[in-house]
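Next come the chains, spelled out residue by residue.
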Amino acid sequence: MKKKRPSKTSNRGRKAKKSKGLLNKFLILLLKISLLGLVLGGIGLIYLDVQVQHKFEGKRWALPAKVYARPLELYPGQVLERAALKNELKGLGYRFVNRASQPGMVEWASSRAKIHTRGFTFPDSDEPAKELLISFSGNQVSSITDSAGRSVPLSRLEPILIGGIYPKDNEDRDLIRLDQAPEYLKEALIQIEDRDYYQHFGISLRGIARAMWVNIQSGRYVQGGSTLTQQLIKNFYLTSDRTLARKLLEIPMAVLLDLHYSKDEILEAYLNEVYLGQSGSRAVHGFGLASQYFFAQPIHELKLHQVALLAGMVKGPSYYDPRRYPERAKQRRDLVLKVLHEQGVISLQQRVAAEKSALGVVKQRSLHKGAYPAYLDLVKRQLREEYPEEVLSSEGLRVFTSLDPIVQANSETALTKTIAALQKRHGKPVEKLQGGMVVTDPQTGEVLALIGGKNARYQGFNRALDARRPIGSLVKPAVYLAAIEQGYTLSTLVDDEPISVPLSDGSSWVPQNFDRVSHGKVPLYLALSKSYNQSTAQVGMAIGVDTVVDMLKRLGIEKTPRPYPSLLLGAESMSPFEIASVYQTIAANGFKTPMRAIRLVTDVEGNELSRYPFEVKQVVSAENMHLIQYALQSVTREGTARYIYSRLPAALNVAGKTGTSNDQRDSWFAGFAADRMSVVWLGLDENGKLPFTGSGGALRVWTDLMVREKPDSFMAVQPEGIEYHWVEEGTGMLSAEYCEGVRQIPFIKGTAPENYAECSEKLHNQPLNWFKRWFR
């Protein structure tokens with residue numbers, strides 16, 4: 001029996017069923033994949049939504065700590081050179097104009113200045129913006145009046161921003177609110193970057209379509225069609241990589257951001273996030289900081305042409321950098337002005353006037369910010385004793401310091417000019433001469449200026465804090481102060497004769513005088529005034545080296561010096577800042593006042609976090625300190641520092657001590673007037689020998705500073721336990737004013753000599769008068 005062959009119809013049916021089954025399976029698989037994609041997409045959107053909200057509502061940026069100088073106080077009777085005030089105003093970015101009509105403007109005349117101040121929110125009170133008319137009489141403020149002609153007893157300028165402590169990403173920004181933005185900034189951004197900003201929902205479909213067409217024509221990714229919202233997403237959440245994946249991620253995030261927040265909230269975040277330039281290693285973000293970086297002005301003071309330039313730079317901060325490519329930047333600015341005019345935002349007259357304006361960019365990238373690296377280094381070190389690094393670099397702290405830009409500028413000039421003169425005089429041996437300098441107010445212990453090297457703006461080795469060098473004869477006041485506590489007087493005759501001190505290794509320490517000459521019996525004040533090494537060693541060994549160590553620690557040295565005999569002549573190495581603490585105590589009449597650079601720290605809202613008040617502790621009696629101050633003034637009048645009075649007026653009382661280390665490798669001077677104390681070090685980093693001593697180098701820097709500073713005269717308070725007697729210098733015995741070879745010397749009551757010398761009356765009565773000018 002023959003088998004039936006399957007018909008062609010049945011074969012086709014089976015094939016159709018099979019195809020239909022495969023199609024159903026494919027559709028089911030596709031449905032599952034779609035459902036899975038929807039689930040994953042939903043989860044992804046939820047995740048993106050959480051991320052968008054979390055970062056936008058949390059701490060959006062790591063805000064660097066802002067460090068400010070002291071505010072310049074202005075009051076009638078103040079000694080203030082017009083040039084110093086002018087430099088302060090320039091540092092603050094004030095504009096010198098013919099008519100000061102707005103905050104940040106100055107009218108400058110020969111004997112007066114009209115200043116329209118900006119105002120500032122200080123921790124203790126608000127200083128409102130006001131008009132001040134300041135009249136000068138010579139180098140003194142004669143009067144200050146306001147716009148109504150009323151007398152102003154005291155006013156403060158805003159403090160100069162001297163630097164910051166930055167986060168690891170080195171981003172820097174000054175946050176602003178939308179209502180603080182200058183006129184036309186908002187409109188300029190929207191018209192030039194995203195004209196439909198207030199109509200779209202975070203993305204512009206028309207913009208995306210236009211960008212796709214351009215990219216297809218180019219055969220590569222060249223245009224993104226981004227809205228301002230998308231730009232914020234790219235900068236704030238993502239990266240700047242020009243990839244399709246980033247673009248696809250950017251779109252839903254922009255929609256979510258627009259869904260949750262108002263247009264103004266998004267625009268305000270954009271104003272603070274947008275990248276606008278590079279200052280060395282630091283990225284300049286936001287219009288607030290860009291205003292300071294390019295124009296040295298607060299953003300609310302910017303004019304139309306300045307606003308147009310910044311808005312135009314958003315497209316390419318490097319390409320349109322006005323310092324590197326001014327013509328390109330001007331073309332871009334003028335395009336923004338043209339668009340604003342075409343859209344009816346500004347008039348033709350405004351456009352033409354703005355186009356005629358120069359770019360107005362400051363030549364230097366920063367007038368004062370970053371100009372004080374050594375001082376900022378000190379501030380950071382003192383802050384880190386109390387605050388962790390993360391807080392300093394991210395919480396937006398405001399740090400108010402005692403840095404005085406005027407004193408700093410005078411110190412820098414004194415150091416650089418003196419070094420240049422020494423290099424010209426001595427040539428190659430000092431071609432790499434360096435220096436370090438500390439200036440304080442002896443009445444408060446505040447550090448007014450700090451210089452870490454010849455190039456004060458160079459952020460490198462801070463010699464004021466870290467150059468530990470032998471201090472030489474700067475140690476001698478501590479030696480003689482310790483001796484006075486042990487019963488010595490200023491008229492005590494000490495031996496300036498050779499001395500040999502055996503050491504533990506079998507050798508001997510045999511100090512010599514600088515001039516290699518012994519001077520026999522000399523009064524103690526003269527031994528210090530002339531800086532005799534042998535007499536200092538004799539006294540130091542007699543009272544004990546440990547006694548001198550104790551005195552140094554009481555005066556302010558934190559690290560205990562090694563108790564070797566050579567300490568008596570300054571073999572111990574210290575930094576200028578360390579030895580300054582000793583002279584700060586001496587200048588403060590025996591009261592130890594820790595040297596401080598920081599006055600106050602607040603949070604970003606202005607709430608006080610830390611205050612560094614004036615602290616004082618008496619470590620040496622007023623009577624003993626009075627004696628050493630007398631001897632140190634003798635140093636400047638008759639001793640190794642008498643060069644001072646070839647440049648300073650004789651009526652100005654100052655005191656101090658020169659210092660030269662062994663083999664003449666370090667040149668030192670430490671000295672003070674009533675309101676200025678300064679320590680200066682000069683030397684070579686490789687520790688080479690110098691062709692000058694302390695009096696030939698560091699003393700010249702110090703003197704030049706005092707010439708510029710015009711400090712108040714040091715007027716010693718005579719303690720109740722002090723009495724003055726006429727003493728014969730050669731014998732140390734009592735005498736009378738009309739006798740030959742006598743001088744008036746202070747003594748602690750009960751310690752004056754008892755015996756009188758034979759008196760030879762003077763042929764010419766020419767007594768020393770300098771000491772009569774130093775009492776109050």
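Here, every reference points to the structure presented above.
Residues numbered from 1 in each chain as written. Predicted model: local features only at pLDDT ≥ 70, side-chain atom pairs only at ≥ 80, totals over all residues. Heavy atoms only, no water.

### Concerning the packing of aromatic side chains
(1) Moving on: Counting across every chain of the model gives 10 aromatic pairs.
(2) Moving on: Taking 5.7 Å as the distance between ring centres and 70° as the angle between the ring planes, the aromatic pair formed by Tyr-68 and Phe-120 counts as edge-to-face. Of this pair, Tyr-68 sits in strand 1 (residues 65–68) while Phe-120 sits in strand 6 (residues 120–121), and the two are 52 residues apart along the sequence. An identical accessibility class is assigned to Tyr-68 and Phe-120; each is buried.
(3) Moving on: Look at Tyr-197 and Tyr-198: their rings are 5.0 Å apart centre to centre, the planes differ by 85°, and that puts the pair in the edge-to-face class. (Phe/Tyr/Trp six-rings, centres within 6.5 Å; stacked < 30°, edge-to-face > 60°. Helix = DSSP H or I, 4+ residues; strand = E, 2+ residues; numbered from the N terminus. Buried < 20%, exposed > 50% of the residue type's maximum accessible area, 1.4 Å probe, protein only.)

### Regarding empty space enclosed by the protein
(1) Moving on: All told, the structure shown has 1 cavity of 30 Å³ or more when counted by the stated rule.
(2) Moving on: Within this model, the largest cavity holds a volume of roughly 30 Å³.
(3) Moving on: In terms of lining, the largest cavity is formed by Arg-468, Ile-557, Lys-559, Pro-561, Glu-572, Ser-573, Met-574 and Glu-578.
(4) Moving on: For the lining of the largest cavity, a count of residues per class yields 3 nonpolar, 1 polar and 4 charged. (1 Å grid on protein atoms, 1.4 Å probe; cavity = no way out; pocket = protein on both sides within 12 Å on 5 of 7 lines; lining within 4 Å. Points joined across faces, edges and corners; volume = space filled by probe spheres on them. Nonpolar A, V, L, I, M, F, W, Y, C, P; charged D, E, K, R; others polar.)

### Focus on the sheet that holds strand 28 (residues 655–660)
(1) Moving on: Read from one edge to the other, the open sheet built from 5 strands follows the order 17-16-30-29-28, with strand pairing classed as antiparallel. Looking at the sheet topology across the chains shown, the edges are occupied by strand 17 (446–451) and strand 28. The mean inter-strand angle of the sheet, taken between neighbouring strand axes irrespective of direction, is 10°.
(2) Moving on: Note that strand 16 (residues 434–441) and strand 30 (residues 677–683) share 7 bridges and pair antiparallel. Looking at the pairing, Val-438 lines up with Val-679 of strand 30.
(3) Moving on: Helix 21 (residues 622–638) rests against strand 28 and strand 29 (666–672) of the sheet, and its axis sits at about 65° to strand 28. (Pairing = 2+ DSSP bridges. Axes fitted to C-alpha atoms, helices over the stretch in contact; angles between N-to-C directions. Contact = heavy atoms within 4.5 Å.)

The values are spatial; any link to function lies outside them.
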